[in-house]
Amino acid sequence: MPSDAVGFLLYFVSQARGVFLAMLILGGLTALIEAALYVFVGDLVDLMQQGEREGFFLRHAGLLLLMAAAVLVFRSLVAVLTALVEEQAVVPGFFNLVRLQSHDRIMRQSLGYFQDEFAGRISQKVWQAGQAAGDFMVSLLQVIWYIVVFALSTLTLLGGLDGSFALLIALWLGFFALTARFFVPKIRARARAVSHAGSGITGRLVDTYSNIQTVKLFGDLGREEEGLKAGYLGFLGTLRTFTRTLTGVRAAMSVLSGLMIVSIAAMAIQSWQGGRISAGDVAVVMGLVLRLNILLNRLMGQMNGLFRALGTLQDSADMITRKVTLTDHREAVPLRVGAGRIEFRNASFHYGRDDGVLENLSLTIEPGERVGIVGRSGAGKSTLANLLLRFFDLESGGILVDGQDISRVTQTSLRAAVGMVTQDTSLLHRSIRENIVYGRPEADDAAIRAAAVRAHADGFIQALEDKRGRKGYDAFVGERGVKLSGGQRQRIAIARVLLKDAPILVLDEATSALDSEIEAAIQESLSELMEGKTVIAIAHRLSTIAAMDRLVVMDEGRIVEEGTHKELIARGGLYADLWKRQSGGFIAAGRAA
């Protein structure tokens, strides 16, 4: 997918050649028909000047019927076909073709891509890409092409009457082209700047609305408004620069068109006085010239819109076509999970920095083994899980599942083999049923409810009702699940993983949002879920993973200790220190162990 605006546009246009060819033909026919109407007017004036009023319709019936048929039948047919192509093919088809393929491209980006951008900014650029591409093509073929054909028709018709008319029209079009060449690059650059500034404002608004609770809890509304105002003032400055350019265009066009209309009118009158053209010809000349003036002014306006759309398209293309940094290998095959052995070999990852996070880490997790990962905040625990799921690529080393390098298998098959519950659980703004079934779409209602029961979620689900009256499993949860408590969201997430029943299980602070009673009940379900699976459990609360087969202690991106809970306590190292801090005063060490 090309990154420059024109290439980006042509990439999609090439997929709808037939539709745009039809628009090209119909736009040309529309212009020719309109030019012919002025010829009809001139012919009528000449016929009427003959002074024979009686029997006018009978004497000229053939010509008059031909004119009427051209207006009523042919012109109407072309107009209907034009409307059908634009409204039934381009608007619903092409606009959404661009949006859907742009969305598909965005969805293949890495997790880091989304962490670096406003969600609202991304969604706006995907949406506006379809709008801008469609508007550009409709303007180009329904307006610009129509005006070009009409201008050439005017040049030909008037040149047939008197070569001097053709010369003046050619000069007019030449000066128009020079004016456009001077202003269009400025319009294009400034339109792109306006689009970029506008999407920044939209992104900030969406960011504020998405985090409204944080804003109200910690933010000063006045300060938030000042921040938005500063961005908005920057946007207005960019917009004013753009509109000043448009004002200059309109002023230049007004002077040029006025000069040309007066010159051509004077020449037409002189030609009539000299007997070189008839009164009907003067009507044709003035009609075509006045119409051409309107169309050229419209053309400049359309070119403003055209290049504004192109600027918007370039702004969207810059984001949409950004290189996908995490892709399937060209020879990638689906992951085949047998026993579920996981191996990290000298894995290093620094999030693009010089050092830190993971340094030459080697770890083997045997099939069916339950391993707890512990350590201080920032030790690299969650990064380890993200790398296993290939949300990021290692900078060096490798990760193998049952002997298969995860960089050589498809991302879809890898993630299908891993069930994960995270601490920061966000749900899709869809029904409870859709959220639970997301990892296993073929599951029936009985399986969905069974998973919810095992996750101790069925009780509160049955009592749910959203503002539209949808109840139970049909109730919507709000954006990111905001209508549910943290514990309820966590239980939905656990139900989703229980239903998915993947052979590898990753729990990243999976029960951190639950109260003690619910946590104790769910631990039983999780214990059942762990049976026969390879498990990686990450936790800050050491009591939740003390019974794991093995504990791996990380510090500054390295493994510093390994062993069972008892072995590590007896060793008196970092784990023992962490355990002492947590158990002192509120955890009964013996009971937890």
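Cut-off values and rules
- Residues numbered from 1 in each chain as written.
- Predicted model: local features only at pLDDT ≥ 70, side-chain atom pairs only at ≥ 80, totals over all residues.
- Heavy atoms only, no water.
- Helix = DSSP H or I, 4+ residues; strand = E, 2+ residues; numbered from the N terminus.
- Expected span 1.5 Å × (residues − 1).
- Buried < 20%, exposed > 50% of the residue type's maximum accessible area, 1.4 Å probe, protein only.
- Axes fitted to C-alpha atoms, helices over the stretch in contact; angles between N-to-C directions.
- Parallel < 35°, antiparallel > 145°, perpendicular 65-115°, else oblique.
- Nonpolar A, V, L, I, M, F, W, Y, C, P; charged D, E, K, R; others polar.
- Pairing = 2+ DSSP bridges.
- Domains from an automatic or database assignment.
- Contact = heavy atoms within 4.5 Å.
- Phe/Tyr/Trp six-rings, centres within 6.5 Å; stacked < 30°, edge-to-face > 60°.
- Lys NZ or Arg CZ within 6 Å of the ring centre and 35° of its normal.
- Left-handed = near helix turned anticlockwise from the far one by under 90°.
- Polar contact = N/O pair within 3.5 Å; in protein donor to acceptor, adjacent residues only side chain to side chain.
- pLDDT = per-residue confidence, 0-100.
- Core = buried A, V, L, I, M, F, W, Y, C linked by side-chain atoms within 4.5 Å.
- Arc of directions from axis to C-beta.

1. Re helix H2 (residues 17–49)
- In a regular helix each residue adds 1.5 Å, so 33 residues correspond to 48 Å; H2 covers 49 Å between its end C-alpha atoms and thus fits that length.
- What H2 keeps buried is the set Phe20, Met23, Leu26, Gly27, Gly28, Ala31, Ile33, Glu34, Ala35, Phe40, Gly42 and Leu47.

2. Quick word on the packing of helix H6 (residues 119–161) against helix H7 (residues 163–210)
- For the pair H6 and H7, interaxial distance at closest approach is 13 Å and the crossing angle is 175°. By the angle between their directions, the pair H6 and H7 is classed as roughly antiparallel.
- Across the contact of H6 with H7, the residue classes break down as 10 nonpolar, 13 polar and two charged.

3. Describing the pairing of strand E8 (residues 534–538)
- Of all five residues making up E8, five are buried, and the element is well covered by its neighbours.
- Sheet analysis places strand E3 (residues 370–375) next to E8, joined by four bridges and oriented parallel. Across the sheet, Ile373 pairs through a bridge with Ile538, a residue of E8.
- Here five bridges tie strand E7 (residues 504–508) to E8, and the two strands are oriented parallel to one another. Bridge pairing links Asp508 to Ile538 in E8.

4. Brief notes about the domain arrangement of the protein
- When its domains are assigned, the protein resolves into domain 1 (5–321) and domain 2 (342–584).
- Taking only C-alpha atoms into account, the centre of domain 1 sits 54 Å from that of domain 2.

5. A word on the sheet that holds E7
- Taken together, six strands build an open sheet; the order of strands is E6-E7-E8-E3-E9-E10 and the sheet is mixed. The outermost strands of the open sheet, each flanked by one partner alone, are strand E6 (418–421) and strand E10 (558–563). Neighbouring strand axes in the sheet, compared pairwise and without regard to direction, differ in orientation by 20° on average.
- Where helix H16 (residues 486–500) meets the sheet, it contacts E6 and E7, and its direction lies at approximately 170° from that of E6.

6. Digging into the packing of aromatic side chains
- One pass over the structure, following the stated rule, counts six aromatic pairs.
- Clustering of aromatic rings is evident, with ring pairs tying together Phe8, Tyr11 and Phe12.
- The aromatic ring of Trp127 is capped on one face by Arg99, whose charged end is 3.6 Å from the ring centroid.
- Between Arg470 and the ring centre of Phe476, over which it is positioned, the NZ or CZ distance is 3.8 Å.

7. A short note on the packing of helix H4 (residues 61–107) against H6
- Orientation of H4 relative to H6, taken along the N-to-C sense of each, is 145°, at an axis distance of 9 Å. Every pair of crossing elements has a handedness; the one defined by H4 and H6 is right-handed. On H6, the residues touching Thr82, Glu86, Val90, Phe94, Phe95, Val98, Arg99, Ser102, His103 and Ile106 of H4 are Ile122, Val126, Trp127, Ala129, Gly130, Gln131, Ala133, Gly134, Asp135, Met137, Val138 and Gln142.
- Split into classes, the residues belonging to the contact of H4 with H6 amount to 12 nonpolar, seven polar and three charged.

8. Side note on the pairing of E3
- Buried residues dominate E3, accounting for five of its six residues.
- Alignment of E3 against strand E9 (residues 550–555), held across five bridges, turns out to be parallel. Across the sheet, Val371 pairs through a bridge with Arg550, a residue of E9.

9. Considering the side chain of Thr534
- Examined against the element boundaries, Thr534 turns out to sit in strand E8.
- Side-chain polar atoms of Thr534 contact the backbone nitrogen of Gly368, separated by 3.2 Å.

10. Concerning the side chain of Gln314
- Summarising the element assignment, Gln314 is placed in helix H10 (residues 279–320).
- Look at Gln314 and you get buried, because its relative accessible area is 11%.
- In this structure the side chain of Gln314 is engaged in a polar contact, spanning 2.8 Å, whose partner is the side chain of Asp318.
- If we skip the residues at most four places from it in the chain, Gln314 touches Ser3, Asp4, Ala5 and Arg192.

11. What about the sheet that holds strand E1 (residues 342–349)?
- If you walk across this open sheet you meet the four strands as E2-E1-E4-E5, and the pairing is antiparallel. Bordering the open sheet on either side are strand E2 (358–365) and strand E5 (404–405), each of which pairs with just one other strand.
- In terms of strand pairing, strand E4 (residues 396–401) meets E5 through two bridges, oriented antiparallel. When the bridges of E5 are listed, Val401 appears paired with Gln404.

12. Things to note about the confidence of the model for the protein
- With 92% of its residues at a pLDDT of at least 70, the protein reaches an overall mean of 82.
- Per-residue pLDDT, averaged within each element of the protein, yields its smallest value for helix H20 (residues 589–592) (41) and its largest for E5 (94).

13. Examining the nonpolar core
- Residues Phe20, Phe94 and Trp172 are the most contacted members of the largest nonpolar core, which totals 78 residues.
- Of all the secondary-structure elements, those providing two or more residues to this core are helix H1 (5–13), H2, H4, H6, H7, helix H9 (221–273) and H10.
- The element contributing the most residues to this core is H10, with 18 residues.
- The residues contacting Phe94, other than those within four sequence positions of it, are Leu9, Phe12, Val13, Ala16, Phe20, Ala89, Ala133, Gly134 and Met137.
- In terms of nonpolar packing, the next biggest core, distinct from the first, is built from 45 residues, Leu427, Leu499, Val553 and Leu568 among them.

14. Notes on unusual backbone geometry
- For Asn360, which is not glycine, the phi dihedral falls at a positive 45°.
- Along the chain, Asn360 falls in strand E2.
- A relative accessible area of 51% places Asn360 in the exposed class.
- Its identity is not glycine, yet Asp402 carries a phi of approximately 50°, on the positive side.

15. Notes on helix H14 (residues 445–454)
- Inspection of H14 places Ile448, Ala451 and Ala452 among the buried residues, and these make up the whole buried set. Looking down the long axis of H14, one finds its buried residues gathered within 100° of arc, a one-sided arrangement.
- Of the residues flanking the end of H14, it is His456, one or two places downstream, whose phi is positive at about 55°.

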